[in-house]
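# Architecture and fold: a report
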Amino acid sequence: MGVPVLFIPGNAGSSHQVRSIASSAARQYFSSPFVISGDFTGRGIQSLDFFAVEFNEDLSAFHGPTIESQIEYSAAAMRYILSHYPPNTQVIVMGHSMGGIVGTALLPSDDISALITMSTPHTLPPARFDARIDEIYSRNAESLANDPTPVVSICGGATDMMIPSESCILPDPGDVNPGSAIYRRTVFTSALEGTWTGVGHREMVWCHQVRWRVARVALELGGANSNVDMAVILDTWLSGDGRLLPPATGIDIPEAATYEALPESMNLVLRKPTGSRTYLLPIPRALDDTNASVPPVAPQHLTKLRASPYFCVGRVTSPTTQRSSESASCIPLEPSTLKLLPGPIPGKPFPVPDEGSDESEGLVLFEATVPRIPSDVEDAWIGVHVSADGEDGWVFGAFDETQTFQSDIGVFDIVAGGAKLSLQPTEQSLVRRHITFPKLFSNALMVYTLTPKSVRPTVSCAHSLSLFPPLLVHKSHPAETHYYRLEHEKSVALHTHASAPYIPLSRFSPSYSSELWIYSAGTDCEDVNNFTLSIDWWASIGRIATRYPTTLMSWGVGVVALLMFQAWCESGKGSMPSVSQSLVAFICHLLPKLLAASFIVALLPLSPDHYLGTRGEPFLGFLAPVLLIVATGLVCVSWWLMLLLMWPLKFFTRLLPMK
C-alpha cells in the first residue's frame, strides 16, 4: 500500500484529469517496473495511490447546492478510501479549479495531511449569482485563516482565460492573525522553477513542467512526519522565490592544496571547467552566478559541474595557481537568494513554445552578503570550490554593489504617449541592476509595455560569446515573478495580479509600486540602458472586460429597473409610454445625471466588496461611467433584438384569419 491521494475535479471537470499527474508520479518513483528509483531508495518514502471523484462534469461554479453535494460526496469518498488503510493514515488532497474549493471545504480534518490546489479561485467566485456560493467561500476563508493543514495554490497567471488569477492567491493568514505560523503559499507558474511561463486553466493538470513537480511534492509529502517537514518540502519543490541551503560543514584548504587566488577586482570566469579546484576572490560584497549545481538547488537531471561557495580566512601569497605555505579555513556562505533562473537562448523564442523548457534547463543564481570580517583576521576571501568532469557549463563569480534606481514615473505621466527611462551605462562584465517605481499604479486591470533600446543595436547576442545575456525580472508579489529576455526594441508586457477589483488588499499587494531587476553576466553584446514605458490600452481593455461581466449584468438589470420605474411614474399621469419612448427619455434626461453621480461615487474609498471594488482609485474612476454607458447600450440592443424577433410573429399574425 502506498500513500493515498484524492483528486477533485472542477467545474465541468473529469476524474480522468488526474492521469497525467499519476503517470508522472509513477515514472519518478520507479526507474523501471518494480524497481524503485535511486532518489527514493532507503528513504522510507512510499509510492502514491491515486483516487479521483467523478461528478459527471457538473457545472459547480454557478450553483451553490451542487458544490455542497460535491463536498458531502468527497468527504464520504475520503472516509471510504481510508477504510482500506491502517489507522491514522492521512490523505493528500489535490483540487483543480472549483475542485480546490471543494477540497478547502473539507477542512478542518485530521484525515488530510496537505492540500494542493491548481487554478482555484480561492478569494472570489467565478460567477456571483448564488448567495449560497458566497456562504461556502466565507466558511473556506475561516478555515484558511485558522486551520493548520498546509495549503499551497498554483496559479496560471494571465494565460488562464477562465478565472482571474488574482482570485487564485491565497489570503495571507497574517492579515487576520498577525504572527500566525500557518503554512499558506501561492506560486504562479511564471515564477515556478523550470516552468517560467503562464499556464492555461485546463492545461494546468497536464503541463509537464507543473505536473512533475506536483507529483514529486506529493511523493515527498508521503515521508513527512510533521507540518514543519511538509512546509520545507513544499517550499523546496513548489518554490518561486528561492530557498535556503541546508546545514553544511566547512572545509579546510590544507598545506600543499592547489588553489587559485584571483587578483583584486578580477572576476571569476570559467567556461567548461574540468577537474576540482578552489578559487579565492578577495572581499567586499558578492554575487555568484552559475549554471552549475549549487546543492540542493539543482536541475532535475543533475550536472557533473558543481560549485560550492565559502567564506574563507587565511593567507595566500600569490595571485596565481600555487601551493600554499599556510592553511585557509572556510565555512559555507549563507545565501540571501538561491534559485533557478531561466537561461533564454539568444535568437530563439522565450518562453519556449510547444513542450516548453525542460525541467533541467536554467542556471543557478546564488547571491550573498559577505559576513563581517573578524578584527584579528588579516586576509579574508570568498572561496568557490568547483568540481567538474569535462561537461559543458560555466561559472561566473564577482563582487557587486547593486545600485537601485528609483523612478518617479506615475501612471498619469505615461497616459499621453509614454515615458522614457535611462540608466547609467556600466562597464562591468556583471550587471545586477534594480529599478523601482514607487508611484506607478499597479493593478490587474493595467498592462504596461516596456520597450528596451540598446546603445549598440547592431551587435547581436545570437553570435556573441556572452555567458548570460540581459534578463529582466519583474516581481510584483512574493508569489508572482515574470522573466523576459531584453532585446533591442522588442517590447515586453508588464502586468500583475497583486492588486485587483473586489480583492482585499494585503501587506503583499500595494496599489502603487513595482520593481524590476536586470541580470547579465559576461555580456559583450547588447547593453540595454534606455527604456520606454507606455500603457498597452488593448490589453488593459481586455483585462477590464474579463473582470466586470457580472457587474455589467447587474448594472444592466438596474437600468431596466429604472426604466420600469420611470414608465410607472408616467403611467400615473394618464398615459403609459412605450419601451422606445422610455429608452429615449432615460438616455436624454436621466443618464447624464447618473454618469456624473457614478463617477463621483467611484472616487469614494469604499470597501473592495462594493461598487467597482477599486477602493476609490482616481485613475479608475472613469470605469463607472463607461460601464454605465455599456450597460445602457446592452439594454437598448436587447430591446432591438426582441423587436427583430417579434417582427416575423407580427407578420404571420396578420396572415391568420380574423374571427
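Relevant structure appears above.
As a starting point, this report considers the structure included with it.

In this structure the tally under the stated criterion is 2 disulfides. Sulfur-sulfur distance for the disulfide between cysteine 155 and cysteine 168 comes to 2.2 Å. Disulfide cysteine 155-cysteine 168: torsion about the S-S bond near -95°, hence left-handed. Within this pair, whereas cysteine 155 is found in strand S7 (residues 151-155), its partner cysteine 168 is found in the loop between S7 and helix H5 (173-176), the two being separated by 13 residues in sequence. The residue that forms a disulfide with cysteine 312 is cysteine 330, at a sulfur-sulfur distance of 2.1 Å. Looking down the S-S bond of the cysteine 312 and cysteine 330 bridge, the torsion is 110°, so its handedness is right-handed. On the criterion of sequence distance, the pair formed by cysteine 312 in strand S14 (residues 306-313) and cysteine 330 in strand S16 (residues 328-332) is long-range, its members being 18 residues apart. Accessibility classification places cysteine 312 together with cysteine 330 in one group, the buried group.

Let us now look at the nonpolar core. By size, the foremost hydrophobic cluster in this structure holds 51 residues, and its most contacted members are Tyr448, Leu472, Leu494 and Leu533. Elements that contribute at least two residues to this core include exactly strand S22 (419-422), strand S24 (448-454), strand S27 (492-494), strand S28 (515-521), strand S29 (528-535), helix H9 (549-571), helix H10 (579-602) and helix H11 (623-655). Apart from the residues within four sequence positions on either side, leucine 472 is in contact with Leu450, His482, Tyr483, Tyr484, Leu486, Val492, Leu494, Leu516, Trp517 and Ile518.

Here the focus is the packing of aromatic side chains. Under the definition given, this model contains 12 aromatic pairs. Relative to phenylalanine 30, the ring of tyrosine 29 has its centre 4.8 Å away and its plane inclined at 85°; by these criteria the two rings are edge-to-face.

On to the packing of H10 against H11, then. Closest axis-to-axis distance for the H10/H11 pair is 8 Å, and the angle between their directions is 160°. Accordingly, the angle class assigned to the pair H10 and H11 is roughly antiparallel. In this structure, H10 crosses over H11, and the sense of that crossing is right-handed. Between H10, through Val579, Ser580, Leu583, Phe586, Ile587, Leu591, Leu594, Leu595, Ser598, Phe599 and Ala602, and H11, the contact on the second element is made entirely by Ala624, Pro625, Leu628, Ile629, Thr632, Val635, Cys636 and Trp639. Grouping the amino acids of the contact of H10 with H11 by side-chain chemistry returns 16 nonpolar, 3 polar and no charged.

To continue, consider a nonpolar patch on the surface. Residues Val637, Trp640, Leu641, Met642, Leu643, Leu644, Met646 and Leu649 make up a contiguous nonpolar surface patch of about 810 Å² in total accessible area. Along the chain, methionine 646 falls in helix H11. Given the relative accessible area of 37%, methionine 646 is considered partly exposed.

Here the focus is the sheet that holds S24. Spatially, S22-S29-S24-S27 is the arrangement adopted by the 4 strands of the open sheet, whose pairing is antiparallel. With one partner strand each, in any of the chains shown, S22 and S27 form the two edges of the open sheet. Mean inter-strand twist for the sheet, computed between neighbouring axes without regard to direction, equals 30°. Note that S24 and S27 share 3 bridges and pair antiparallel. Bridging from a neighbouring strand, leucine 450 pairs with valine 492 of S27.

Both faces of the sheet carry side chains from a regular strand, because those side chains alternate between them. In terms of burial, strand S19 (residues 380-389) is largely enclosed, as 7 of its 10 residues are buried. Relative to S19, strand S12 (residues 274-282) runs antiparallel, the two being bridged by 9 bridges. Bridging from a neighbouring strand, leucine 280 pairs with glycine 383 of S19. Pairing analysis gives 8 bridges linking S14 to S19, with the strands arranged antiparallel.

Once that is clear, we can look at the packing of helix H2 (residues 64-82) against helix H4 (residues 131-146). The geometry of H2 relative to H4 is characterised by a closest axis approach of 7 Å and an angle of 45° between their N-to-C directions. Judged by the inter-axis angle, H2 sits oblique to H4. Facing Gly64, Pro65, Ile67, Glu68 and Ile71 of H2, the residues of H4 in contact are Arg132, Ile133, Ile136 and Arg139. Of the residues belonging to the contact of H2 with H4, the class tally is 5 nonpolar, 1 polar and 3 charged.

What counts, and where the lines are drawn
Residues numbered from 1 in each chain as written. Predicted model: local features only at pLDDT ≥ 70, side-chain atom pairs only at ≥ 80, totals over all residues. Heavy atoms only, no water. Disulfide = S-S within 2.5 Å. Helix = DSSP H or I, 4+ residues; strand = E, 2+ residues; numbered from the N terminus. Buried < 20%, exposed > 50% of the residue type's maximum accessible area, 1.4 Å probe, protein only. Core = buried A, V, L, I, M, F, W, Y, C linked by side-chain atoms within 4.5 Å. Contact = heavy atoms within 4.5 Å. Phe/Tyr/Trp six-rings, centres within 6.5 Å; stacked < 30°, edge-to-face > 60°. Axes fitted to C-alpha atoms, helices over the stretch in contact; angles between N-to-C directions. Parallel < 35°, antiparallel > 145°, perpendicular 65-115°, else oblique. Left-handed = near helix turned anticlockwise from the far one by under 90°. Nonpolar A, V, L, I, M, F, W, Y, C, P; charged D, E, K, R; others polar. Patch = residues over 30% accessible without salt bridge, like charges linked within 9 Å, V, L, I, M, F, W, Y side chains within 5 Å. Areas by Shrake-Rupley, 256 points an atom, 1.4 Å probe, with all protein chains shown as cover. Salt bridge = Lys/Arg side-chain N within 4 Å of Asp/Glu carboxyl O. Pairing = 2+ DSSP bridges.

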